[in-house]
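Each chain, written out:
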Amino acid sequence: MNILMDLLRLLFAVGIAFVAGKLISKLKLPSILGWLIAGMLIGPHALNLLGGSVLDSQWFGILESILECTFGLMIGTELIWKQMKKAGPQILVTTITESLGTFLVVSLVFGVIFWFAGIPLYLAFMFGGIALATAPAPSLSVVNDLKTDGPVTKTLIPMAALDDLVGALVFFLVIAFVSAHISTAGIPVSVVIFLVFLPVIIGTITGFITGKMLQQTKTPTSTLVVMLIMLLASAGIGFFINRMLPTPALNFMLIGMSFSAVFANMVTEKQLSDMMKVMNPVIGFAMIVVILDLGAPLDYHLIFGAGIYTAVYIAARAIGKYSGAYFGAAITHAPETVKKYLGFTLLPHSGVSLVFTGIAVSVLDGPAPECASIIQGTIAAAAVINEIIAVFIAKKGFEWAGELHKAEGGRTT
C-alpha cells in the first residue's frame, strides 16, 4: 500500500512538473527550468510531496536508473558514425580542453585561496575534480524542448557522452590519489579507471547484440520490442554489477548512450526513425523524472546561506568551461558559433556534481571532517544557484548561435 501511495505521489509530481514546464515555456524559457523549480518546491526541503519515502526507496532507485538508460537513447541515437567522422577530432579535442581547462582554473583559484586560509591543498583538486563534470540532462532538455539544430547542437550531443567519461575519469583519479594520501585504504587507480569505462563496455556489448538482432526483425513492432527488451537487459546487468560493488558507481546514462550508439549504427535509417517516433514520449517522461530527481534534493534555503566559496566556485567553473571550450574550438577550426557559444551550453552541473560531492564527503568524513563540511556546503549551495542560472544561459547560448526552432522537420529527437 505504501509503494502504491508513493507511486501516486511520483505521478502527481510528474504532472505538476509538466504543467510548470508548460507555464515556464510561455515565458520563452526552457521547460526544464519549470521542472527544476517544481522539483525544489515539492521536494523534501519544501512541500515534501516528493519526499524521502520516494527518493530513497529501492523501487525509485531502480526506476530512475532505467529512465537514465532511456534518456541515454536520446544521445546515443544521434551518434551516427558517418556523420561524426568529419567532426570527430574537433569534438574529442574540445571535450578534453573544456574539461581539463575547468579542472585547472578551479583547482588553481581554490589552491591560492586555501594556501592563504591554511586549508589542505588537496581539497582544491577535489573542487576541480567535481567542477569539470557537466550534467548533460539540462542542456539536452533545452535541445529537445526548443528544437535546436546547428553546429553548436551537433557538437554538444556527442560531447555529452565524452564529457561524462572524461569528467568521471579525472574525478576518480583525484579521489584515488587523495584517498591514498589521507587514508591507509586508498582506492586502486586501476579499479577506478575500470569502473569509469565499465558502463561503456556493458552498453557496447549489449548494443552490438541488439544491432545483430535488429538486422533480422521484419516489422516496426518487433524492432521496438527487441530494443526495449535489450535496453532493460542492459540496465539489469548494470544493477547486478552495482550490487557487487561496495557503493553503486555505474553511470546508467552512459550505459544507455553506448548501447544505443552501437545499434543505431547497425540498423537502417527507417528502423531507427520508427523506433524513436514511439520512444520520444517515453524519453520525455524519463527527462522529467530525471530532472525532478535532480531538483527535489536541492535545498533552496542554501541560496540565502551561500558564502564566498560558492560565488568563487560558480564563477571559476564558468570561466574554465567557457575558455576551455573556446580554446578547443579555436585550435580545431570549429565554426565561429561553436567557438563563441558552446561554452554557455556546458554550464549545467547539479546531478553529477552532487553524486561526486557525496563520494568526496564519504572519503573525507573520517580523516578530515572539516574539509568534508567545506566541500558539502559549497557545492550544495552552488548546485541550486548554478542550475537555475545555467539553464537560462544555455538557452541564451543556443539563441545567440541562431539555433532555436531549427529542427522541426529534421531531428528524430
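Residues numbered from 1 in each chain as written. Predicted model: local features only at pLDDT ≥ 70, side-chain atom pairs only at ≥ 80, totals over all residues. Heavy atoms only, no water.

A. Structural context of the overall build of the protein. The helix and strand tally for the protein stands at 18 helices and zero strands. Taken over 413 residues, the protein has a buried fraction of 55%. Restricting the contact set of the protein to residue pairs at least 6 apart, pairs at least 24 apart contribute 82%. When the accessible surface of the protein is summed, it comes to about 17,600 Å², and 71% of that surface belongs to carbon and sulfur atoms. (Helix = DSSP H or I, 4+ residues; strand = E, 2+ residues; numbered from the N terminus. Buried < 20%, exposed > 50% of the residue type's maximum accessible area, 1.4 Å probe, protein only. Contact = heavy atoms within 4.5 Å. Areas by Shrake-Rupley, 256 points an atom, 1.4 Å probe, with all protein chains shown as cover.)

B. Up close: the side chain of Glu 68. By the element assignment, Glu 68 lies in helix 4 (residues 58–76). Buried within the structure, Glu 68 lacks any salt-bridge partner; its nearest side chain of opposite charge belongs to Arg 317, at an N-O separation of 16 Å. Those residues within four positions of Glu 68 in sequence are excluded, and the remaining contacts are Phe 252, Met 253 and Val 290. (Lys, Arg positive; Asp, Glu negative; His and termini not counted. Salt bridge = Lys/Arg side-chain N within 4 Å of Asp/Glu carboxyl O.)

C. Expanded view of the pattern of salt bridges. Here the structure, examined in full by the defined rule, presents six salt bridges. Between Glu 399 and Lys 396 there is a salt bridge, and its shortest N-O distance comes to 3.2 Å. On the criterion of helical spacing, the pair formed by Glu 399 and Lys 396 is a turn pair, its members being three residues apart in helix 18 (residues 369–400). Taking the relative accessible area as the measure of exposure, Glu 399 reaches 31% and is therefore partly exposed.

D. A look at helix 7 (residues 122–131). With nine of ten residues buried, helix 7 is to be regarded as a mostly interior element. Within the sequence span of helix 7, burial applies to Tyr 122, Leu 123, Ala 124, Met 126, Phe 127, Gly 128, Gly 129, Ile 130 and Ala 131.

E. Expanded view of the packing of aromatic side chains. Counting across every chain of the model gives 16 aromatic pairs. With a centroid separation of 5.8 Å and 45° between ring planes, the pair formed by Phe 114 and Phe 127 is classed as tilted. Residue Phe 114 is found in helix 6 (residues 88–117), and its partner Phe 127 is found in helix 7; the two are separated by 13 residues along the sequence. The pair formed by Phe 114 and Phe 127 is uniform in burial state, with each residue classed as buried. Members of the aromatic cluster, each reached through a chain of ring pairs, are Phe 110, Phe 114, Phe 127, Tyr 309 and Tyr 313. (Phe/Tyr/Trp six-rings, centres within 6.5 Å; stacked < 30°, edge-to-face > 60°.)

F. How the structure looks around the confidence of the model for the protein. With 88% of its residues at a pLDDT of 70 or more, the protein shows a mean pLDDT of 83. Scored below 50 in pLDDT, residues 409–413 makes 15 contacts in the model with residues more than four places away or belonging to other chains. (pLDDT = per-residue confidence, 0-100.)

G. Summary view of the packing of helix 1 (residues 2–26) against helix 13 (residues 269–295). Remark: helix 1 packs on helix 13, axes separated minimally by 10 Å, with the N-to-C direction vectors making an angle of 100°. Taken together, the axis directions place helix 1 and helix 13 in an arrangement best described as roughly perpendicular. Where helix 1 abuts helix 13, its residues Ala 13, Val 14, Ala 17 and Phe 18 lie against Phe 285, Ile 288, Val 289 and Leu 292. Taken together, the residues of the contact of helix 1 with helix 13 break down into eight nonpolar, no polar and no charged. (Axes fitted to C-alpha atoms, helices over the stretch in contact; angles between N-to-C directions. Parallel < 35°, antiparallel > 145°, perpendicular 65-115°, else oblique. Nonpolar A, V, L, I, M, F, W, Y, C, P; charged D, E, K, R; others polar.)

H. How the structure looks around the side chain of Ser 258. Residue position: Ser 258 is located in helix 12 (residues 252–264). Looking at Ser 258, its side chain comes within polar contact range of the main-chain oxygen of Ile 255, at 3.3 Å. If we skip the residues at most four places from it in the chain, Ser 258 touches Pro 199, Val 200, Gly 203 and Thr 204. (Polar contact = N/O pair within 3.5 Å; in protein donor to acceptor, adjacent residues only side chain to side chain.)

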